[in-house]
Amino acid sequence: MPAPVTPIEETIEALVHAVAPLRFGPPVAYVYNPLEYAGEGFRRYARRFGRPPKEILLLGMNPGPWGMAQTGVPFGEVAAVAGWMGIEAPVAAPPAVHPKKPVDGFACPKSEASGRRLWGWARARFGDPAVFFSRFFVINYCPLMFLDAAGGNRTPDKLKKAEQAPLFAACDAALRATVRYFRPRWVVGVGVFAEARAREALAGAEVAVAGITHPSPANPRANRDWAGRIEAELSAVGIEIQAEG
């Protein structure tokens, strides 16, 4: 990994080192860490858009197979990262790859629905990415993607308690360091898990924590006007969104 040049990169490097020795047993069969093999994508994202302070941190759960696992950018659907953010970067591969979840980097032909919804909303509402990122930054709580032997996704909340403890300790520390760097007014968990982890990790910190509906199509509440729903959820806690233009 190249030497970090910003504090957020230092935080990410520390997180990568902290989770590297962790091991996960069945049903987890594959572990991808895109901050390692696709780390250049994240570094370019952080350097371009990660200047503090930020009013709002949006906190996702962990990488998805067709988003961050391909680009290194949270919720990083290829079309949004390359087309809207203007970021492309070389991508290697994790040490072991499930044939149903290949890593093709920015050549990935699949589109991740969660990322398409989240970044599509940002583009529709703010137009220029610089305008969105003047208020927001998007990160993930956990850097690892877990697959079972059949290639199915295993989210961090489904890990064994003994596996969660050291992983969550490392992720909590990284989240606290990220909040110190960006000095946000709000940390908004994208989904119930991310909100819960933020509330625990940031207890006592001078930052408000809230949550919005996760954009995954697996979440029935996300499949009818997700953008309108999350804007209402943000407004309910005092975060107002102005339409582009």
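**Looking at the pattern of salt bridges**
Counted according to the given criterion, the structure contains eleven salt bridges. Residue Glu55 is joined to Arg135 by a salt bridge in which the shortest nitrogen-to-oxygen separation is 2.8 Å. Here Arg135 lies in the loop between helix 7 (129–133) and strand 3 (136–140) and Glu55 lies in the loop between helix 3 (39–49) and strand 2 (56–60), a separation of 80 residues in the sequence. Look at Glu55 and you get partly exposed, because its relative accessible area is 23%. What you see here is one network of salt bridges that share partners, running through Glu40, Arg43 and Arg44.

**Topic: the sheet that holds strand 6 (residues 186–190)**
Through backbone hydrogen bonds, the strands of a sheet pair up, either in parallel or in antiparallel fashion. A sheet is described by the order of its strands in space; here four strands give the open sequence 3-2-6-7, paired in parallel fashion. Since the sheet does not close on itself, it has two edges, and those belong to strand 3 and strand 7 (208–212), each with one partner. Adjacent strand axes in the sheet meet at a mean angle of 25 degrees, parallel and antiparallel pairs treated alike. Pairing geometry for strand 6 and strand 7, over five bridges, is parallel. Counted as the bridge partner of Val188 is Ala210 from strand 7. Across the sheet, helix 8 (residues 161–182) touches strand 2, strand 3 and strand 6, and the angle it forms with strand 2 is around 160 degrees.

**A word on the nonpolar core**
Ranked by size, the top nonpolar core spans 75 residues in total, and within it Tyr45, Met85, Trp119, Trp121, Phe132 and Leu167 carry the most contacts. Ranked by residue count, the leading element in this core is helix 8, at nine residues. With near-sequence residues (within four places) excluded, Phe132 lies in contact with Leu58, Trp84, Trp119, Trp121, Ala122, Phe126 and Val138.

Conventions we followed
Residues numbered from 1 in each chain as written. Predicted model: local features only at pLDDT ≥ 70, side-chain atom pairs only at ≥ 80, totals over all residues. Heavy atoms only, no water. Salt bridge = Lys/Arg side-chain N within 4 Å of Asp/Glu carboxyl O. Helix = DSSP H or I, 4+ residues; strand = E, 2+ residues; numbered from the N terminus. Buried < 20%, exposed > 50% of the residue type's maximum accessible area, 1.4 Å probe, protein only. Pairing = 2+ DSSP bridges. Axes fitted to C-alpha atoms, helices over the stretch in contact; angles between N-to-C directions. Contact = heavy atoms within 4.5 Å. Core = buried A, V, L, I, M, F, W, Y, C linked by side-chain atoms within 4.5 Å.

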